[in-house]
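# Chain and residue survey
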Amino acid sequence: MTKVIRNGTIVTADRTYKADVLVKDGKIVAIGNDIHGDHEYDATGCYVMPGGIDPHTHLEMPFMGTYSADDFESGTRAALSGGTTMVVDFCLPSPGQSLLEAIQMWDNKSGRACCDYSFHMAITWWGEQVFNEMPEVVKRGIPTFKHFMAYKGALMVDDDEMFSSFQRCAELGALPLVHAENGDVVAQLSQKLLAEGNNGPEGHAYSRPPEVEGEATNRAIMIADMAGVPLYVVHTSCEQSHEAIRRARQKGMRVFGEPLIQHLVLDETEYFNKDWDHSARRVMSPPFRNKQHQDSLWAGLSAGSLQVVATDHCAFTSEQKRFGVGDFTKIPNGTGGLEDRLPVLWTFGVNTGRLTPNEFVAVTSTNIAKILNMYPKKGAILEGADADIIVWDPEKTKTISAKAQQSVIDYNVFEGIEVKGLPRYVFTRGEVAVNDGKVEARPGHGEFVAREPHMAVNKALSTWKEVVAPRKIERTGIPATGV
Ligand code: DUC
Ligand code: ZN
Ligand code: ZN
Ligand code: ZN
């Protein structure tokens, strides 16, 4: 049984051309003119693009005393409905827990995924066991390790632990990721704000100024350089962090930055809304920033100093958010976005001229597949690639509303935004998940995507060689005693 996507314009990260796409057994098997097959899908007036990949989600994750509300079923259905055909979710061991045991938990949770998925492993604690288990984690197809520089007293690792883990990543050809915020400063600012009676959601933003992110990003970059390992900075939200990444890349360092769709279009005024619920629903880390920071992120995407757009999808219901009434530090951190990332980025990026359609594909799919080492299985319209495909109608519009969303939560941070550009069809490994706009995602269809390690290094600084292999100086005339 074959499927053919006919009469569309194929848009990849580097090409735009008219052709039909033939799909068989979950793969793209031919691209050419006037192809026919058992089932034909009309893409007239549409772009045919690689399905979106979200490199950063938290599905059914235990966090801040609760669980994020979307599980692998509702989360991946939401993803597919908006053109995202793969998610990379964070496997999060509780501090002290075996990494392999955590993988088992994530395997169990992901059984009802509607689209393909992969995992990152979080390093939430450090010790001999973690060091010893890391090679097995890589062997199981998870060559990316996330480090929280914030959430002091919970998930945070200190510089000593981070440097040790980064060196281990370098040995294994694994890529470290960082949540870059200075957790010590955040903790102190939070206490001060609470003591002064500033306990509303706006306190969350005040406790995490751009400087805490810029400092941590810069620190992580320098530590990665000393460990000789590339670095991926998740949820880059501000100019200070972007600046550190830009500077590192100019020196030839392999450092990647990941803005979120939320930070690109929503700003800090959300935290000053009179309605407590409105503001609390938008509490995430890092918080939304002002327009200058947004401009910086957009510029980074078109200049190439920032490479990918993610969501950090970590959805909590209004009821869960209310755990933090009277103390903003108890508001579960996180927002949704899985189903809206592509339409919102298209509307605010492509329709405004800030991104070309090819750049859109690069930052939502192809760059991610390359950085996370699953290209061209994912992120490509090529013969032999997985048939994860979106047929994108640039004229289709809708107004975003929680009433019509797939996510299980009771609100949407993009509520009321009108988007122009939506999927007509979405294919997940050849199966139709969105059919003429209608969501037909099938729980259990999704498969785990194992990824290989990279063996890339980061050694651009001229000092690097001596940090790794210091010279020993043969000295003469050493004083008999030191004082
Ligand atoms: N930030 C969030 O807002 N939620 C999940 C974890 C994170 O780092
Ligand atoms: Zn058939
Ligand atoms: Zn984070
Ligand atoms: Zn996250």
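Residues numbered from 1 in each chain as written. Chains lettered and ligands numbered in written order. Predicted model: local features only at pLDDT ≥ 70, side-chain atom pairs only at ≥ 80, totals over all residues.

### What to know about the UniProt feature "modified residue: N6-carboxylysine" (unreviewed entry) in the protein chain
Under the feature "modified residue: N6-carboxylysine" (unreviewed entry), the UniProt entry names Lys-146. Examined against the element boundaries, Lys-146 turns out to sit in strand β13 (residues 144–148). Apart from the residues within four sequence positions on either side, Lys-146 is in contact with Phe-90, His-120, Ala-122, Ile-123, Leu-177 and His-179. (UniProt positions renumbered as here; feature names shortened; annotations may be inferred. Helix = DSSP H or I, 4+ residues; strand = E, 2+ residues; numbered from the N terminus. Contact = placed C-beta atoms within 7 Å.)

### Quick look at the confidence of the model for the protein chain
Detailed reading of the predicted coordinates is not advisable wherever pLDDT falls low. Taken residue by residue, the protein chain gives an average pLDDT of 96. The fraction at 70 or more is 97%. For this predicted complex, the interface confidence score (ipTM) comes to 0.91, while the overall pTM stands at 0.96. (pLDDT = per-residue confidence, 0-100.)

### A closer look at the UniProt feature "domain: Amidohydrolase-related" (unreviewed entry) in the protein chain
Per the UniProt entry, the sites bearing "domain: Amidohydrolase-related" (unreviewed entry) are residues 47–432 in this numbering. The span residues 47–432 shows a helical share of 38% and a strand share of 18%, and its end C-alpha atoms are spaced 17 Å apart.

### Things to note about unusual backbone geometry
With an omega of -5°, the peptide bond between Ser-285 and Pro-286 qualifies as cis. When you line up the elements, Pro-286 lands in the loop between α10 (276–280) and α11 (291–303). With a phi angle near 50°, Met-64 is a residue other than glycine that sits in the positive phi range. Secondary-structure assignment places Met-64 in the loop between β9 (62–63) and β10 (66–67). Take Met-64: there are 21 C-beta atoms within 10 Å of it, and that puts it in the buried class. Residues other than glycine seldom take positive phi values, yet Asn-373 does so here, at roughly 65°. With respect to the helices, strands and loops of the structure, Asn-373 is situated in the loop between α14 (357–371) and β17 (389–399). (Buried ≥ 20, exposed ≤ 12 C-beta atoms within 10 Å, placed from the backbone.)

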